Amino acid sequence: MNLFYAIVGEDVPESLEKRLAARPEHLARLVSLKDAGRLLLAGPFPAIDSPDPGPAGFSGSLIVADFESLEAARAWAEADPYVAAGVYARVSVKPFKKVLP
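This structure is a prediction, so every number in the text was calculated from the model and none was measured. (Residues numbered from 1 in each chain as written. Predicted model: local features only at pLDDT ≥ 70, side-chain atom pairs only at ≥ 80, totals over all residues. Heavy atoms only, no water.)

**Overview of unusual backbone geometry**
Part 1 of the reasoning: Following L100, the chain continues into P101 via a peptide bond in cis, with omega recorded as -15°.
Part 2 of the reasoning: Mapping P101 onto the fold places it in the segment after β4 (88-96).
Part 3 of the reasoning: The phi angle at E14 is positive, at roughly 50°, despite the residue not being glycine. (Helix = DSSP H or I, 4+ residues; strand = E, 2+ residues; numbered from the N terminus.)

Structure representation (structure tokens):
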């Protein structure tokens, strides 16, 4: 049985331009997880208190998805285009237990 894992990426300062450049590839990987029925949720953290932060950009991202192991989740996270593009300063991966809803 696979488990959920939370992947939290924390952006480098002023990451918006790098994010925008790598976003199509990043989203394609998320769509692939979704299409496989493995994505619980995904989205960015706006850098300001607004759903559309404009030039303020984002401070990071959260992905919660189903993987066969912590190692598999870490490997998937390390291969993210945002990592390769230098968007994230650091990425943490932790087991996640969905309780509600």
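**A short note on helix α1 (residues 16-35)**
Quick reminder: α-helices carry 3.6 residues per turn. Residues three or four places apart thus point the same way.
Part 1 of the reasoning: Between the first and last C-alpha of α1 there are 27 Å, a value that for 20 residues agrees with the 28 Å anticipated at 1.5 Å per step.
Part 2 of the reasoning: Along α1, the largest kink reaches about 55° and is centred on R23; proline P24 follows within four residues of it.
Part 3 of the reasoning: Here α1 has its buried residues at R19, A22, H26, R29, L30 and L33.
Part 4 of the reasoning: As for α1, its buried residues are in contact with β1 (3-11), β2 (39-46), β3 (58-67), α2 (70-78), α3 (81-84) and β4.
Part 5 of the reasoning: Directly beyond the C-terminal end of α1, a positive phi value near 75° is found at G37. (Expected span 1.5 Å × (residues − 1). Bend = angle between axes of the 7 residues up to and from the residue. Buried < 20%, exposed > 50% of the residue type's maximum accessible area, 1.4 Å probe, protein only. Contact = heavy atoms within 4.5 Å.)

By themselves, these figures tell us nothing about what the structure is for.
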